[in-house]
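Architecture at a glance
So you can see what is in the structure, the chains are spelled out below.
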Amino acid sequence: MPFDDAPSTAAARRRRQLLRQGVATLGVLAVPAIVRARSAARIRIGYWPVAAGLPFYAAVEKGYFNEAGLDVAPLKFASAQQVMEAMLAGRCDGSANGTGSGNLGVGALASPGLFKIIATNPSNARHVLDEFLVPKDSPVKTIAELKGKRIACGPGIQNKTLAGAVLERAGAGGTRVIELPIGQHLAALAAGQVDAVYTLEPTGTVGRLNGSARILEAGVIAKYILGDAQAPWHGGAATLTTEFIGKHPAEARKYIAAYARGIALVRTRPDEARQHLTGYTAIEGPLTAAVPLASYMLYDEFRPADIAAFQKFFDLFTDKGVFDRRLDVSALLFKD
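Notes on the structure in this doc start here.

**Looking at the sheet that holds strand 6 (residues 151-153)**
Pairing in this open sheet of five strands is mixed, and the strands run 7-6-8-5-9 from one edge to the other. The strands lining the two open edges of the sheet, one partner per strand, are strand 7 (177-179) and strand 9 (213-218). Taking the axes of each pair of neighbouring strands and ignoring which way they run, one obtains an average angle of 30° across the sheet. Together, strand 5 (130-135), strand 6, strand 7 and strand 8 (196-200) form the strand contacts of helix 7 (residues 157-172), whose direction differs from that of strand 7 by roughly 160°. Contacts from helix 9 (residues 203-210) reach strand 5, strand 8 and strand 9, with the element oriented near 30° to strand 5.

Have a look at this one:
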């Protein structure tokens, strides 16, 4: 009897195993294909809540990353410097557009090979991101008139360095600049705590529309730092860490392709894209239609003139002692 029962017991175990496998398979098949295909690698992307991050916001909200089978986690930070620090600490796998390129450069010098740039958000007098604001009723007409006054800028070394350099080159050299969270810029102006702020969109649009501030001058980095109001200032960049690219090359390429879809949406259907500023920046509802949009440039769209303009921007940080050595922009660009 024991001899006869052995095959029967083994067969029963085999049937139970097949049954369990069948149930598991049915469970998987019942899940939508987009979920089945999702990568196990979670991609943590840091962003600073400025308008330049729009392609990333749109790609998240339109489901472009999900459609590529990617698990992307947007992580909001109070400053671009915090995004860079999170990448250095391994808490972020990349940055969205709007993250200060200068801040990222500091990270690249601290940890050579830390990241690759997949896209930038060049701005100028036409594609506005950067600006000086004053209270609506301020008598100040030019940046030169800000000499000796109370000036604030966004947090981080990029904002402070650029604000000081613009003031210097516009005739207001020696003026002290204090760092202030960008969300407090309009309140500080309205309360009379500062006389002007160097800030980024959508702050200027919000201030103009709610009547608390006016734009003194926009596109100041292109004009005063690059020497041409229409020059491309590559002030922010979307990146992926080289560690993530190395460990997950397939996911990295899918991420870049989905991100490029976000950029394409902003380029071709800006009005549709603008709605996704809501929830990621301080501007909401109908006000989204009034925000000026930066331009965008993918890693494979750079021409020699674009690299030269980017390098000139980085060289300012070397000249000011923010970078301890010259940083080669071309080496930071993602390569296929």
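**Details of empty space enclosed by the protein**
This model, assessed by the stated rule, comprises one cavity of 30 Å³ or more. Quantified by volume, the largest cavity comes out at close to 80 Å³. W48, G100, Q158, L200 and G235 are the residues nearest the centre of the largest cavity, which is lined by 15 residues in total. Contributions of two or more residues to the lining of the largest cavity are made by helix 7 and strand 8. Examining the composition of the lining of the largest cavity, we find that three residues originate from one element, helix 7, more than from any other. Residue composition of the lining of the largest cavity, by class: seven nonpolar, eight polar and no charged.

**As for the sheet that holds strand 1 (residues 42-47)**
Pairing is mixed across the open sheet formed by six strands, whose spatial order is 2-1-3-10-4-11. The open sheet is flanked by strand 2 (71-76) and strand 11 (297-298), the only strands paired with a single partner. The sheet contact formed by strand 1 and strand 3 (residues 94-95) spans two bridges and is parallel. When the sheet's bridge partners are listed, I45 is paired in strand 3 with G94.

**Brief notes about the layout of surface pockets**
Approximately 200 Å³ is the volume found for the largest pocket. Around the largest pocket, the lining residues are P49, V50, K76, I182, G183, L186, P202, T203, V206, Y280, T281 and A282. Its residues assigned to classes, the lining of the largest pocket comprises eight nonpolar, three polar and one charged. A volume near 150 Å³ is recorded for the second largest pocket. If you tally residues by element for the lining of the second largest pocket, the top one is helix 11 (residues 242-247), at four residues.

**Focus: helix 7**
Taking 1.5 Å per residue as the helical rise, helix 7 with its 16 residues ought to reach 22 Å, whereas the 19 Å between its terminal C-alpha atoms falls clearly short. When helix 7 is considered as a whole, its buried residues turn out to be Q158, N159, T161, L162, A163, A165, V166, L167, A170 and A172. One or two steps after helix 7, the chain reaches G174, where phi turns positive at roughly 85°.

**Some thoughts on the nonpolar core**
In this structure, F56, F132, I143, L146, Y198 and Y255 are the most contacted members of the largest nonpolar core, which totals 106 residues. Beyond its immediate sequence surroundings of up to four residues, I143 is in contact with F132, V166, L167, A170, A172, L216, E217, V220 and Y224.

**Concerning the side chain of S79**
Examined against the element boundaries, S79 turns out to sit in the loop between strand 2 and helix 5 (80-88). Reaching out from S79, the side chain makes a polar contact with the backbone nitrogen of Q82 at a distance of 3.1 Å. With residues near it in sequence (within four places) discarded, S79 still touches W48 and P155.

**Re the packing of helix 5 against helix 6 (residues 101-110)**
Helix 6 packs onto helix 5 with a crossing angle of 25° between their chain directions and a minimal axis gap of 8 Å. Judged by the angle between their axes, helix 5 and helix 6 are roughly parallel. Relative to helix 6, the crossing made by helix 5 is right-handed. Between helix 5 and helix 6, the contacting residues are A80, Q81, M84, M87 and L88 on the first element and N103, L104, V106 and G107 on the second. A per-class count over the contact of helix 5 with helix 6 returns six nonpolar, three polar and no charged.

Calculation notes
Residues numbered from 1 in each chain as written. Predicted model: local features only at pLDDT ≥ 70, side-chain atom pairs only at ≥ 80, totals over all residues. Heavy atoms only, no water. Pairing = 2+ DSSP bridges. Helix = DSSP H or I, 4+ residues; strand = E, 2+ residues; numbered from the N terminus. Axes fitted to C-alpha atoms, helices over the stretch in contact; angles between N-to-C directions. Contact = heavy atoms within 4.5 Å. 1 Å grid on protein atoms, 1.4 Å probe; cavity = no way out; pocket = protein on both sides within 12 Å on 5 of 7 lines; lining within 4 Å. Points joined across faces, edges and corners; volume = space filled by probe spheres on them. Nonpolar A, V, L, I, M, F, W, Y, C, P; charged D, E, K, R; others polar. Expected span 1.5 Å × (residues − 1). Buried < 20%, exposed > 50% of the residue type's maximum accessible area, 1.4 Å probe, protein only. Core = buried A, V, L, I, M, F, W, Y, C linked by side-chain atoms within 4.5 Å. Polar contact = N/O pair within 3.5 Å; in protein donor to acceptor, adjacent residues only side chain to side chain. Parallel < 35°, antiparallel > 145°, perpendicular 65-115°, else oblique. Left-handed = near helix turned anticlockwise from the far one by under 90°.

Note that every value here comes from positions in space, so none of it alone points to a role or purpose.
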